[in-house]
Amino acid sequence: MMRSHRAGSLRASDDGSEVTLCGWVDSRRDHGGVVFLDLRDVEGIVQVVVDPSRAGCEQAHRVRGEWVLRVVGTVKRRPEGTVNPEIGTGEIEVAASGLEVLNESEPVPFPLDEHAGEVDEGTRLRYRYLDLRRPAMQLNLLLRSRVNSSLRDSMSRQGFTEVETPMLIASTPEGARDFVVPSRLSPGSFYALPQSPQLFKQLLMVGGVDRYFQLARCLRDEDLRADRQFEFVQYDAEMSFAGADDVMEVVGTAVADAVEAATGERPGAFPRMTWHQAQERYGTDKPDVRFGMELVDLGPVFASTGFRAFQAEAVKGIRVVGEGAASRSRLDALTDRAKGLGAAGLVWMRVGEGGALESPVAKFLSDDERRDVVSAMAAEPGDLLLMVAGERRVANHVLGVLRLDLGRPPVSEGGLRFLWVVDFPLFEGLADDGSPVPAHHPFTMPHPDDLALLDAEGVDLLGVRSQAYDLVLNGWELGSGSVRIHRRDVQERIFTLLGIAPETARERFGFLLDAFRFGAPPHAGFAFGVDRLVAILAGEENIREVIAFPKTQSGADPLTGAPGPLDPAQLRELGLAVAVPQEATTRPDPER
RNA sequence: GGUCCUGUGGUGCAGCUAGGAGUGCACGCCGCCCUGUCAAGGCGGAGGUCGCGGGUUCAAAUCCCGUCAGGACCGCCA
């Protein structure tokens, strides 16, 4: 072994020990006659005291930041008055008897101290191997590793079998845009990379696996966001002879185990809320219940209003506490935001003393309406009231977004508020051709109470509920699951409703329908994003902080230069010709 | 596809509203001094295509147009 101890793990109890340490120079303080070197390894930092005149220590003056050193020395308690309570090793220091330079380092392009989080992220990604040396990033990687092992342990304990599913699969046009891989052996044919192992895990159920899980790599070619990367890891599970409650029990246990492993504290039982409640109270299917500011239905207040803008399907509002002093330009910006989200407009009211309302529309409202709106929204002087009228789903959506804009706490505040959202609708809307669009995926079992509605005439299909459920944490959609259809006849009925012709269904999902002919067990499952869970546990607003080598928002990797053009010979072998102009296929300029 | 924010020595910023010589601050870097610092200190020094292109102007980091990159968001993400 090159070392006897970890630098960051030394304590006062090691006083007198002869140690050999390896690590990086975190900082140096050269006093001429004595040199202090802070040596950093994965465990932390320890102060090394070097006398450059001592044999074996001659290099001390040469040493610079991020050089790699091997230090031999004796652990000593620090002299009176020089203890550093800021670091774990602050009671001791290492008196060096030998100092070996294992590798030198050029000056690093950005500081690796606690301020590195403020450095331009493009620069951090270009030198990610340096960024990862920072303790904050090391902690995030460690946290992620703990969550991964805890999930695996928990699922094993709960009787689940980890099964790996293929990365090269058939493309299906549903859902997200596929990443595709050309086939060399079948030129002109392509594989797709999996958006999720959905179909395979259902086939595993038919295959008698009974309880499956996997930490599955998934890929979707859609625009990136703070909480979305092209590739991400899903905790993916499926169980036979089980219903929604069984799945929520298993997943809740696994998540609670992971949270406990990561934070030391076990969350309580996850409350449930129906999808309908979530929309009405929070204007979203992933409510952040760390704060109030719930949407208020003002329909009763304005039921017979003379104000035209409020003669709508729905009038709803939110109360922004203490924001009554918001400037006109601020209110204009909020109005623009609301319009950008699809609202016809935004009505604002400042609440004054005695409940007096100041608003451009106040003159259109009756005395009763002005009084009732104040009481309906429990408004106090100094508050700002924001209202949207129009289609119910639009009003909910717009106010839901404004609520987050105006009230959402930072990710590291407000604790961990898990929430099951249940009773999702089976369909989320109608496509241009009038056929319903599945809210989850086309293998979702309708709610048993609503099954008959599917065959009835003249029924509003958008009111049909499904047996789908989401897990939400602090306003982030962690994941979703459902009871699956396991009977061929029901599955074919759904395909018909979705406007997928039998021959099309056969072409795309024939293998699944075939499998269902041979005794498919009732089954249900779930999947959630591990990156998102780890990010929230780490207190990060952005999943890139918990991914070792993430992509930028434009899908590039500043470190490796991906994506890049392909060699002509490679293209030929794959039977491909590139149709876009050459300059569009060159690598991004690494200088900017 | 769209909206918004950002781009100034290696890093983080200020300068831009009101055009006047690459001006300033902090950190880092290089050299010298220094035996108790821990963001060491002192003295000295180097380091710039103000992202890129065009326009307006006697004069552009600054104003205008375009473009590229990074970020946040909308659309998209069954």
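Residues numbered from 1 in each chain as written. Chains lettered and ligands numbered in written order. Predicted model: local features only at pLDDT ≥ 70, side-chain atom pairs only at ≥ 80, totals over all residues. Heavy atoms only, no water.

Caption draft 1: Structural context of the protein's contact with RNA strand B. Around RNA strand B, the structure places 44 residues, and the nearest of them are R29, T82, E93, P109 and H440. Per the 4 Å cut-off to the protein, sugar and phosphate atoms form 51% of the nearby atoms of RNA strand B. Between a sugar or linking oxygen of RNA strand B and a side-chain N or O atom of E222, the distance comes to 2.6 Å. Between RNA strand B and R228 there is a distance of 2.9 Å, counted from a base nitrogen to a side-chain nitrogen or oxygen. The element best represented in the surface near RNA strand B is strand β1 (residues 18-30), accounting for four residues. Partitioning the surface near RNA strand B into residue classes produces eleven nonpolar, 16 polar and 17 charged. (Near = heavy atom within 4 Å. Polar contact = N/O pair within 3.5 Å; in protein donor to acceptor, adjacent residues only side chain to side chain. Helix = DSSP H or I, 4+ residues; strand = E, 2+ residues; numbered from the N terminus. Nonpolar A, V, L, I, M, F, W, Y, C, P; charged D, E, K, R; others polar.)

Caption draft 2: Structural view of the packing of helix α3 (residues 135-157) against helix α5 (residues 244-263). As a packed pair, α3 and α5 sit with axes 8 Å apart at the nearest point and diverge in direction by 140°. By crossing handedness, the relation of α3 to α5 is classed as right-handed. On the side of α3, the interface is formed by L143, R146, V147, S150, L151, S154, M155 and R157, while α5 contributes V250, T253, A254, D257, A258, A261 and A262. (Axes fitted to C-alpha atoms, helices over the stretch in contact; angles between N-to-C directions. Left-handed = near helix turned anticlockwise from the far one by under 90°. Contact = heavy atoms within 4.5 Å.)

Caption draft 3: Inspection of the domain arrangement of chain A at higher detail. When its domains are assigned, chain A resolves into domain 1 (7-103) and domain 2 (292-407). Here the C-alpha centre of domain 2 lies 63 Å away from the C-alpha centre of domain 1. (Domains from an automatic or database assignment.)

Caption draft 4: Main features of the sheet that holds strand β13 (residues 314-320). The strand order across the open sheet formed by five strands is β12-β13-β16-β14-β15, and the pairing between neighbours is antiparallel. Sheet topology places β12 (296-297) and β15 (357-358) at the edges, where each strand pairs with a single neighbour. Summarising the sheet, strand β14 (residues 347-351) and strand β16 (residues 384-390) pair through four bridges and their orientation is antiparallel. Following the sheet pairing, V347 is matched in β16 by M387. In the packing of helix α7 (residues 328-340) onto the sheet, the strands contacted are β14 and β16, and the crossing angle to β14 comes to about 145°. (Pairing = 2+ DSSP bridges.)

Caption draft 5: The sheet that holds strand β9 (residues 211-219), seen in detail. Strand order in this open sheet of eight strands is β6-β9-β10-β22-β21-β20-β17-β11, and the pairing throughout is mixed. Each having just a single partner strand, β6 (161-162) and β11 (272-274) make up the two edges of the open sheet. As defined by bridge partners, β11 adjoins strand β17 (residues 418-422) across three bridges and the pair is classed as parallel. Bridge pairing in β17 places M273 opposite V421. Where helix α6 (residues 275-282) meets the sheet, its contacts fall on β11 and β17, and the angle it forms with β11 comes to roughly 80°.

Caption draft 6: Examining α7 more closely. For α7, spanning 13 residues, the distance from its first C-alpha to its last is 18 Å, which sits close to the expected 18 Å at 1.5 Å a residue. Turning to α7, its buried residues number three or more, namely L331, L334, T335 and A338. Buried residues of α7 fall within an arc of 100° about the axis and therefore sit on the same side. In α7, those exposed residues whose orientation departs by more than 90 degrees from the buried face are S329, D336 and G340. Among the structural elements, β14, β16 and α9 (392-407) are those in contact with the buried residues of α7. G342 occupies a position one or two residues after α7 and carries a positive phi of about 110°. (Expected span 1.5 Å × (residues − 1). Buried < 20%, exposed > 50% of the residue type's maximum accessible area, 1.4 Å probe, protein only. Arc of directions from axis to C-beta.)

Caption draft 7: Region of interest: the pairing of strand β21 (residues 476-483). With seven of its eight residues buried, β21 lies for the most part within the structure. As defined by bridge partners, strand β20 (residues 468-473) adjoins β21 across six bridges and the pair is classed as antiparallel. Following the sheet pairing, D470 is matched in β21 by S480. Once β20 ends, the chain turns through two residues before running back antiparallel as β21, passing N474 with a positive phi of about 50°. Where β21 lies against strand β22 (residues 523-529), five bridges are found, and the strand directions are antiparallel. Bridge pairing links S480 to A527 in β22.

Caption draft 8: Quick look at the pattern of salt bridges. A complete count under the given rule lists 45 salt bridges for this structure. Among the salt bridges present, the one from K201 reaches E238, with a minimum N-O distance of 3.4 Å. Taken as a pair, K201 in helix α4 (residues 198-206) and E238 in strand β10 (residues 231-240) lie far apart in primary sequence, 37 residues in all. Beyond isolated ion pairs, a larger network of salt bridges with shared partners links R124, R128, D131, R134 and E545. (Salt bridge = Lys/Arg side-chain N within 4 Å of Asp/Glu carboxyl O.)

Caption draft 9: Representation of unusual backbone geometry within the structure. That bond from A562 to P563 is cis: its omega, -5°, falls within 30 degrees of zero. Here P563 is to be found in the loop between α12 (530-538) and α13 (568-574). Within the chain, F241 stands out as a residue other than glycine whose phi angle is a positive 50°. Here F241 shows up in the loop between β10 and α5. Phi at A378 takes a positive value of approximately 50°, unusual for a residue other than glycine. Residue position: A378 is located in the loop between α8 (367-376) and β16.

Caption draft 10: Focus on the nonpolar core. Grouped together as the largest cluster of nonpolar side chains are 66 residues, with contacts concentrated most on Y235 and F528. Sort the elements by how many residues they give to this core and α5 lands first, with ten residues. Not counting residues up to four positions away in its chain, the partners in contact with F528 are L151, V233, Q234, Y235, V251, V255, L478, G479 and L533. Counting residues in each nonpolar core, the second largest holds 23 residues, with A12, V63, W67 and L99 among its members. (Core = buried A, V, L, I, M, F, W, Y, C linked by side-chain atoms within 4.5 Å.)

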